[in-house]
Amino acid sequence: MTIDNITSSSCYSNQSVTFFYQHANKAIGGNWTTRDYLVLGLGLPLSFIVVLANLLVMAAILMNRRFHFPIYYLLGNMAAADLFAGLAYTNLILNTGPWTATLTKKQWYIRGALIDISLTASVANLLAVAVERHQTIITMQLHSTMTKRRVVLLIISIWAVGIIMGLVPSLFWNCECDLSDCSTVAPLYSRRFLIFWALLNLLTFFVMLGMYSHIFFHVKRQGRHTSQHVSEARQQTIINLMKTISMVLGAFVICWTPGLIVLLLDGLQGKNGNANKYEKYCLVIAECNSLVNPIIYSLRDAEMRKTFKWILCCFCRHGGCQPRETLSTEMDSPLKEKSLSYKLEDSVLWKNPDRQ
């Protein structure tokens, strides 16, 4: 019996991965193509760099008490999500191309779930950072007043959402019982799920855009009612803030828009969309977001760069170095933080100069 003669009302849970790929007209070649070699050659080194970069960020936040505040805990969790993304991409790359035909359905769903979990957690972290910055700057504080318990609950919630999103396609939102709804990019996934996933990410993008826009207009409005000296300091804050906004939103758009368009194209048009021609390249571009995130949020911080150098020096010397100096008691004081103005927000948080 050919695939064309199969009744769409039946379920095909016992069919192999190859069956669904054939139905979606997505070829699993026996030989490696130029595109397969290109994805393998670019993807593996990039995944390795993503893992190392985010591991370095996590180590810096853990070892330097200057970063023991809610915003840095969230950035550390985002680095963990991006590190997980690097591992997930490595697993995907090592199980793609001709190797796909050797996968069982369970292995195929696990491969996809790892990607979904990592990307969801990464995007959720971006949103959490935007919420934290919005709350902090609007209330004119250096650091958020969130307790460690709330930060931990937020981090757990982020990963819970990621795990749920990763399990949804394998548990019930797939096309095993409706072949007409099968995706061409991910042949066992429902096209409706891909539309939902793409629109959810676009909605997250617009929410972050709205938050950062509100921050910008709030800071600008507050600057009109202060002294000239403070206004200049806040103007510099606006410039630094807009740089960060441009980098964050720009990276999100550049890295995610191609993939989102491909998912929407596949979800809306199916086989007529020819999404398979671009999906692997879009996946590599999306992976870059996991590398760009630590650069945006961490490498612009002078103290973070110093901590990076210290960790690398310790590694090169096989641990033969002195412990990193911690932040002064004055800066650790919550009362001191609450009294700080935007000027201090600018000089400590955004620029983070070396002198205390």
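None of these values were measured; they are calculated from a predicted model.

**Q** I'd like to hear about the overall build of the chain, residue by residue, with values.
**A** Counting its regular elements, the chain contains 12 helices and 0 strands. Across the chain, helices and strands are ordered from the amino to the carboxyl terminus as α-α-α-α-α-α-α-α-α-α-α-α. Restricting the contact set of the chain to residue pairs at least 6 apart, pairs at least 24 apart contribute 79%. Only carbon and sulfur atoms are counted for the fraction: they give 65% of the accessible area of the chain, which is about 17,600 Å².

**Q** Can you lay out unusual backbone geometry for me, pointing to particular residues and giving the numbers?
**A** Of note, Asn 25 is a non-glycine position whose phi angle comes to about 60 degrees, a positive value. Within the element layout of this structure, Asn 25 appears in the loop between helix H1 (17–23) and helix H2 (34–63). Residue class for Asn 25 comes out exposed when judged on its relative accessible area of 58%.

**Q** Give a detailed account of the layout of surface pockets, specifying residues and quantitative values.
**A** The computed volume of the largest pocket comes to approximately 1,000 Å³. Taken together, 50 residues line the largest pocket, and the ones lying closest to its centre are Lys 26, Val 185, Ala 186, Glu 279 and Leu 283. At the level of secondary structure, the elements contributing two or more residues to the lining of the largest pocket comprise H2, helix H3 (70–93), helix H4 (105–138), helix H6 (191–223), helix H7 (228–269) and helix H8 (279–299). With 7 residues, H8 is the largest single contributor of residues to the lining of the largest pocket. Considering only residue class, the lining of the largest pocket consists of 28 nonpolar, 12 polar and 10 charged.

**Q** Give a description of the packing of aromatic side chains that names residues and reports values.
**A** Applying the stated criterion to the full structure yields 11 aromatic pairs. Relative to Phe 193, the ring of Trp 173 lies with its centre 5.5 Å away and its plane at 70 degrees, an arrangement referred to as edge-to-face. Here the residue Trp 173 occupies a position in the loop between helix H5 (148–171) and H6, and Phe 193 occupies one in helix H6, the gap between them amounting to 20 residues. By way of ring pairs, the aromatic residues Trp 108, Tyr 109, Trp 173, Tyr 189, Phe 193 and Phe 196 are connected into one cluster.

**Q** Please give an account of the state of the cysteines that cites residues and values.
**A** Overall, the coordinates contain 2 disulfides when judged by the stated rule. Each sulfur in the disulfide pair Cys 11 and Cys 177 lies 1.8 Å from the other. Given an S-S torsion of about 110 degrees, the disulfide between Cys 11 and Cys 177 has right-handed geometry. Of this pair, Cys 11 sits in the segment before H1 while Cys 177 sits in the loop between H5 and H6; the two residues are 166 residues apart in sequence, bridging distant segments of the chain. Using a relative accessible area of 46% as the deciding quantity, one classes Cys 11 as partly exposed. Overall, the relative accessible area of 37% leaves Cys 177 in the partly exposed class. One disulfide in the model links Cys 175 with Cys 182; its S-S distance is 2.1 Å. Of note, the bridge from Cys 175 to Cys 182 carries an S-S torsion of about 95 degrees and is right-handed in sense.

Reading the values: the criteria
- Residues numbered from 1 in each chain as written.
- Predicted model: local features only at pLDDT ≥ 70, side-chain atom pairs only at ≥ 80, totals over all residues.
- Heavy atoms only, no water.
- Helix = DSSP H or I, 4+ residues; strand = E, 2+ residues; numbered from the N terminus.
- Contact = heavy atoms within 4.5 Å.
- Areas by Shrake-Rupley, 256 points an atom, 1.4 Å probe, with all protein chains shown as cover.
- Buried < 20%, exposed > 50% of the residue type's maximum accessible area, 1.4 Å probe, protein only.
- 1 Å grid on protein atoms, 1.4 Å probe; cavity = no way out; pocket = protein on both sides within 12 Å on 5 of 7 lines; lining within 4 Å.
- Points joined across faces, edges and corners; volume = space filled by probe spheres on them.
- Nonpolar A, V, L, I, M, F, W, Y, C, P; charged D, E, K, R; others polar.
- Phe/Tyr/Trp six-rings, centres within 6.5 Å; stacked < 30°, edge-to-face > 60°.
- Disulfide = S-S within 2.5 Å.

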